[in-house]
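Summary of the model geometry
Residues per chain, in single letters:
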Amino acid sequence: MNQYDSNKLNKLVENFDANYIVKYIHELIDSWINVGILKYANYSHLIELEDWWKLEKEFDCLSKMFSYLPNEQEFKDKIEGLKHGDIVTETFKTRKNDLKSFLMTKSVNFSQTYLKNFDWSLKLVHSSDKHAKLDELKCLLTLETEKVSSNENLTLMELDKYQLDNLINTLETIENVK
């Protein structure tokens, strides 16, 4: 992800008034979710073509930051100094569901492997060749995955309590991003 730079973005939108910023963001998000088209012709009197491409990258970075930060105030703090920052925040807030949907679709397309099913069971390990009395719980997790263009794949994992806690925490973090 590109690093956000308010000076760079301010230079790119220096000719945009509040109405054009709102219009641009809505059309940009519409183009990301395939319900509209963002046309340079509508903005050519405000920005050069080369800067037009940079502007989309900057707003892509901003939208990711907005979606991943835990609350709106942190986002406002990060974009302090941005021309029309409050308008950008309000517009992103209005389109929050569309942004999340877009980012989820983008991340799903990153991998062509999907989780089809899973199964789990617990086993109690009483001892091992290294320890006479162990009494440790293990979680046996079977993941059934499928690739878009190939057959199913089974993955069997044996997890101790620490590994299982780590997996659960990671999945909860992913769920919170949604």
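Provided above is the structure to which this section pertains.
Because the structure is predicted, anything quoted here is derived from the model rather than measured.

Looking now at the overall build of the chain. Across its full length, the chain holds seven helices and three strands. Listing each helix as α and each strand as β along the chain from the N terminus yields α-α-α-α-α-α-β-β-β-α. Within the chain, the fraction of its 178 residues that count as buried is 28%. Sequence separation of at least 24 residues holds for 55% of the intrachain contacts in the chain that already meet a minimum separation of 6. For the chain, the accessible area works out to roughly 12100 Å², and carbon and sulfur atoms hold 51% of it.

Looking at where K138 falls in the secondary structure, it is placed in strand 2 (residues 136-147). Of the polar contacts made by the side chain of K138, one reaches the side chain of E136; its length is 3.1 Å. Leave out the neighbours within four places in its chain, and K138 touches S121, L122, K123, V125, E158, L159 and D160.

Applying the stated rule across the entire model yields 13 aromatic pairs. With 5.0 Å between their ring centres and 10° between their planes, W32 and F102 make a pair best called stacked. Of this pair, W32 sits in helix 2 (residues 18-32) while F102 is found in helix 6 (residues 96-108), placing the two residues 70 residues apart along the sequence. Taken individually, W32 and F102 each receive the classification buried, so the pair is uniform in this respect. The ring centre of Y43 lies 5.5 Å from the NZ or CZ of K23, which sits over that ring.

This part takes up the nonpolar core. Formed by 31 residues in total, the largest nonpolar core has its most connected members in Y24, F59, L62 and F92. Elements supplying a minimum of two residues to this core: helix 1 (6-12), helix 2, helix 3 (49-68), helix 5 (85-94) and helix 6. It is helix 3 that contributes the most residues to this core, seven residues altogether. Ignoring any residue separated from it by four or fewer positions in sequence, one finds F92 in contact with I25, I29, F59, L62, S63, F66, F75 and L99.

It is worth spelling out the packing of helix 3 against helix 5 at this point. A pair of packed helices can be characterised by two numbers: the angle between their axes and the separation between those axes. With their axes 11 Å apart at the nearest point, helix 3 and helix 5 run at an angle of 65° to one another. The angle between the axes of helix 3 and helix 5 places the two elements in the roughly perpendicular class. Between helix 3 and helix 5 the crossing geometry is right-handed. Contacts between helix 3 and helix 5 involve F59, L62, S63 and F66 on the former and, on the latter, V88, T89, F92 and K93. Class assignment of the residues belonging to the contact of helix 3 with helix 5 gives a composition of five nonpolar, two polar and one charged.

Reading the values: rules and limits
Residue numbering note: each chain is counted from 1, following its sequence as written. Residue-level local features of this predicted model are given only where pLDDT is at least 70; pairs of side-chain atoms are given and counted only at 80 or more, and the full residue set underlies all totals for whole chains, interfaces and linings. In computing side-chain values, all of the structure's heavy atoms are included and hydrogens and water are not. Runs of H or I in DSSP of at least four residues are treated as helices and runs of E of at least two as strands, each being numbered from the N terminus. With a 1.4 Å probe rolled over the protein chains alone, any residue whose accessible area is under 20% of its type maximum counts as buried; one over 50% counts as exposed, and the rest are partly exposed. Should any heavy atoms of two residues lie within 4.5 Å, those residues are counted as being in contact. Computed with the Shrake-Rupley method and a 1.4 Å probe, the accessible areas treat only the protein chains shown as cover for residues. Counting of polar contacts relies on pairs of N or O atoms within 3.5 Å, with two restrictions inside protein: one atom must be capable of donating a hydrogen and the other of accepting it, and residues adjacent in sequence are counted only when both atoms are side-chain atoms. In summary, the pairing rule links any two rings of Phe, Tyr or Trp, Trp by its six-membered ring, whose centres are within 6.5 Å, and it sorts them by plane angle into stacked for under 30 degrees, edge-to-face for over 60 and tilted for everything else. Note on criteria: charge over ring means Lys NZ or Arg CZ within 6 Å of the ring centre, with the direction from the centre no more than 35 degrees off the ring normal. By convention a nonpolar core is built from buried Ala, Val, Leu, Ile, Met, Phe, Trp, Tyr and Cys residues, the set being connected through side-chain atoms within 4.5 Å. To define axes, lines are fitted to C-alpha atoms, for helices over the stretch in contact only, and angles between the resulting N-to-C directions are given on a 0 to 180 degree scale. Put simply, angles under 35 degrees are roughly parallel, angles over 145 are roughly antiparallel, angles from 65 to 115 are roughly perpendicular, and the rest are oblique. Rotating anticlockwise by less than a right angle from the far helix to the near helix defines a left-handed crossing, while the corresponding clockwise rotation defines a right-handed one. Nonpolar residues are Ala, Val, Leu, Ile, Met, Phe, Trp, Tyr, Cys and Pro. Charged residues are Asp, Glu, Lys and Arg, and all others, Gly as well, are polar.

Function cannot be inferred from these measures alone, as they are strictly geometric.
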